[in-house]
Amino acid sequence: MKITKFADFSRYLFVFAHPDDEVYTCVSIQSLVKKVKDVHTIYVTSGDYNGPEFGPLREKEVLASMKLIGVPRENIHFLRIPERGLMNHASRVIKEARTIAERFHPEIIVGHDFEVGHNGHDLVSFCTYKIAEEFAAPFYVFPA
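I will try to describe carefully the structure that is included in this document. (Residues numbered from 1 in each chain as written. Predicted model: local features only at pLDDT ≥ 70, side-chain atom pairs only at ≥ 80, totals over all residues. Heavy atoms only, no water.)

Time to look at helix 3 (residues 90–104). Between its first and last C-alpha, helix 3 extends 22 Å over 15 residues, near the 21 Å set by a 1.5 Å rise per residue. When helix 3 is considered as a whole, its buried residues turn out to be Val-93, Ile-94, Ala-97, Ile-100, Ala-101 and Phe-104. Taken end-on, helix 3 shows its buried residues confined to a sector of 140°, consistent with a single buried face. In helix 3, those exposed residues whose orientation departs by more than 90 degrees from the buried face are Ser-91, Lys-95 and Arg-103. Check the buried side of helix 3 and you find it contacts strand 1 (11–16), strand 2 (38–43), strand 3 (76–78) and helix 4 (119–134). (Helix = DSSP H or I, 4+ residues; strand = E, 2+ residues; numbered from the N terminus. Expected span 1.5 Å × (residues − 1). Buried < 20%, exposed > 50% of the residue type's maximum accessible area, 1.4 Å probe, protein only. Arc of directions from axis to C-beta. Contact = heavy atoms within 4.5 Å.)

Dropping the structure here:
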């Protein structure tokens, strides 16, 4: 069995439940960008838990932080699924994330670890695992 190191891939997809989850992976993402890797991110919600007016603000924060670490704007994807209704939209998460992934065929997919505590993170973990399975891509997780 050939063991491949995390940084040996060319095309990466990071899937986050909502803005601010990238804090757990931003150093890794920046390192990959510096190595000229193709890094895409998907934010399933816009972080609108406290009201729809917060979504655009949280997205703006993501764009600013991703710009600082070098991820191009066109590689940042927002599904904008309402955070309070997320648990009812697993099939939509999988479908929309798959559509994005089909554009660049990630070689590795990174998502939330299954925590059994934060239901949004856990749902996104499950959905991300399913996408990785469909693409026959390794699924790496990060704890939150």
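Here Glu-74 is to be found in the loop between helix 2 (54–69) and strand 3. For the pair Glu-74 and Ala-90, spaced 16 residues apart in sequence, the C-alpha separation works out to 24 Å.

What follows covers the packing of aromatic side chains. If you walk through the whole model with that rule in mind, you get nine aromatic pairs. Between Phe-9 and Tyr-12, the ring centres sit 6.3 Å apart and the planes meet at 90°, which makes this aromatic pair edge-to-face. In this structure Tyr-12 comes out as buried when scored by relative accessible area, which is 0%. Seen from their ring centres, Phe-14 and Phe-16 are 6.3 Å apart, and the 20° between their planes marks the pair as stacked. Relative accessible area serves as the criterion here: at 1%, Phe-14 is assigned to the buried category. Counting every residue linked through ring pairs, the aromatic cluster contains Phe-14, Phe-16, Tyr-24, Tyr-43, Phe-78 and Phe-142. Sitting above the plane of the Tyr-49 ring, Arg-84 keeps its charged end 3.9 Å from the centroid. (Phe/Tyr/Trp six-rings, centres within 6.5 Å; stacked < 30°, edge-to-face > 60°. Lys NZ or Arg CZ within 6 Å of the ring centre and 35° of its normal.)

Another aspect to go through is the sheet that holds strand 1. Taken together, five strands build an open sheet; the order of strands is 3-2-1-4-5 and the sheet is parallel. With one partner strand each, in any of the chains shown, strand 3 and strand 5 (139–142) form the two edges of the open sheet. The mean angle between the axes of side-by-side strands here comes to 20°, regardless of whether they run parallel or antiparallel. Where strand 1 lies against strand 2, six bridges are found, and the strand directions are parallel. Of the residues in strand 2, the one forming a bridge with Phe-16 is Tyr-43. The strands touched by helix 2 are strand 2 and strand 3; relative to strand 3, the strand with the most contacts, the crossing angle is about 170°. (Pairing = 2+ DSSP bridges. Axes fitted to C-alpha atoms, helices over the stretch in contact; angles between N-to-C directions.)

A separate point is the pairing of strand 5. One face of the sheet, then the other: side chains in a regular strand alternate in exactly this way. Direction of pairing for strand 4 (residues 108–112) relative to strand 5: parallel, over a ladder of four bridges. Across the sheet, the residue bridging to His-112 is Phe-142, located in strand 5. Regarding the hand of the β-α-β motif, the stretch spanning strand 4, helix 4 and strand 5 is right-handed. (Right-handed = clockwise from strand over helix to strand, strands pointing away.)

Counting residues in hydrophobic clusters, the biggest one holds 22 residues, and the most contacted among them are Leu-13, Val-15, Ile-42, Val-44, Leu-86 and Ile-109. At the level of secondary structure, the elements contributing two or more residues to this core comprise strand 1, helix 3 and helix 4. The element that contributes the greatest number of residues to this core is helix 3, accounting for six residues. When sequence neighbours within four positions are dropped, the list of residues in contact with Ile-109 reads Leu-13, Val-15, Thr-128, Ile-131, Ala-132, Ala-137, Pro-138, Phe-139 and Tyr-140. Phe-9, Val-39, Val-62 and Ile-76 belong to the second-largest nonpolar core, a separate cluster that totals 17 residues. (Core = buried A, V, L, I, M, F, W, Y, C linked by side-chain atoms within 4.5 Å.)

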